[in-house]
Amino acid sequence: ASGRGSSDQSLMDPSPLSAWSGPSEGEPEDDRGRHDAAFVDESACIGCLKCALIAPTTFWIETRFGCARVVDQWADGREAVEDAVAACPVQCIHFVNRRAELPLLERVAARQWRDGGSGGGATRGKAARSSPFAIAASLGKRAARGDLIAWPSRRGRASNAGVGTADAAVVAAAAAAA
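The paragraphs below set out a description of the structure included in this document.

1. Quick notes on the nonpolar core
(1) Moving on: The biggest cluster of nonpolar side chains holds 20 residues, and the ones touching the most others in it are Val40, Phe59 and Ile93.
(2) Moving on: Looking at this core, the elements that each hand over two or more residues are strand 2 (36-40), helix 1 (50-54), strand 4 (67-70) and helix 2 (78-87).
(3) Moving on: It is helix 2 that provides the largest number of residues to this core, a total of four residues.
(4) Moving on: With sequence-adjacent residues up to four places away left out, Phe59 is seen in contact with Ala38, Val40, Cys51, Ala52, Arg69, Val70, Val81, Ala84 and Ile93.
(5) Moving on: If you look at the next biggest cluster of nonpolar residues, it comprises eleven residues, including Ala37, Leu104, Leu105 and Val108.

Put into structure tokens, the structure is as follows:
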């Protein structure tokens, strides 16, 4: 699914929101023994555009808040993506585990954007300024305890009775992470 128009699914859905153009499962893994994915911590991104200029098919600049986002993993090739990461002046682009970390991080970042923006030193609520890594860690702990409901879809919101509870879970996780 494309990162630009993907719908929210379950919070712990194992499918990333960004497209995958990286190595297939049968191809050799990297030095760490896995196929990593790139993730932009939009709460730290200053919108310098360097990543999007170096790897324009992989990185996209979100127009509302001017921060980078990965929309197609490795679409420009490993060398271009690694060069884009190295060029970031605030080091807000991270390589994360494609299966264990990326889906939750992307869903947290998407919710931060929906709830008022997170990038470029946003001054909206605490959830907007919190690191998606800290929020994801907190939500992961809650999910492991069975203390979390499914992340509501923006489509069909009127029929989803759990919207308030899920939003409250994100706000609580953001507060705990801050």
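2. What to know about the pattern of salt bridges
(1) Moving on: Inspection of every chain in the model, using the stated rule, returns two salt bridges.
(2) Moving on: Close ionic contact of Arg69 with Glu42 constitutes a salt bridge, the shortest N to O distance being 3.1 Å. One end of the pair, Arg69, is in strand 4; the other, Glu42, is in the loop between strand 2 and helix 1, with 27 residues separating them in the sequence.
(3) Moving on: On the basis of relative accessible area, Glu42 is assigned to the buried category, the value being 3%.
(4) Moving on: The closest approach of N and O atoms between Arg78 and Glu82, which form a salt bridge, is 3.2 Å. Taken together, the residues span about one helical turn, with Arg78 and Glu82 both in helix 2 at a distance of four residues.
(5) Moving on: Taking relative accessible area as the criterion, Arg78 reaches 32% and is therefore assigned partly exposed.

Calculation rules
Residues numbered from 1 in each chain as written. Predicted model: local features only at pLDDT ≥ 70, side-chain atom pairs only at ≥ 80, totals over all residues. Heavy atoms only, no water. Core = buried A, V, L, I, M, F, W, Y, C linked by side-chain atoms within 4.5 Å. Buried < 20%, exposed > 50% of the residue type's maximum accessible area, 1.4 Å probe, protein only. Helix = DSSP H or I, 4+ residues; strand = E, 2+ residues; numbered from the N terminus. Contact = heavy atoms within 4.5 Å. Salt bridge = Lys/Arg side-chain N within 4 Å of Asp/Glu carboxyl O.

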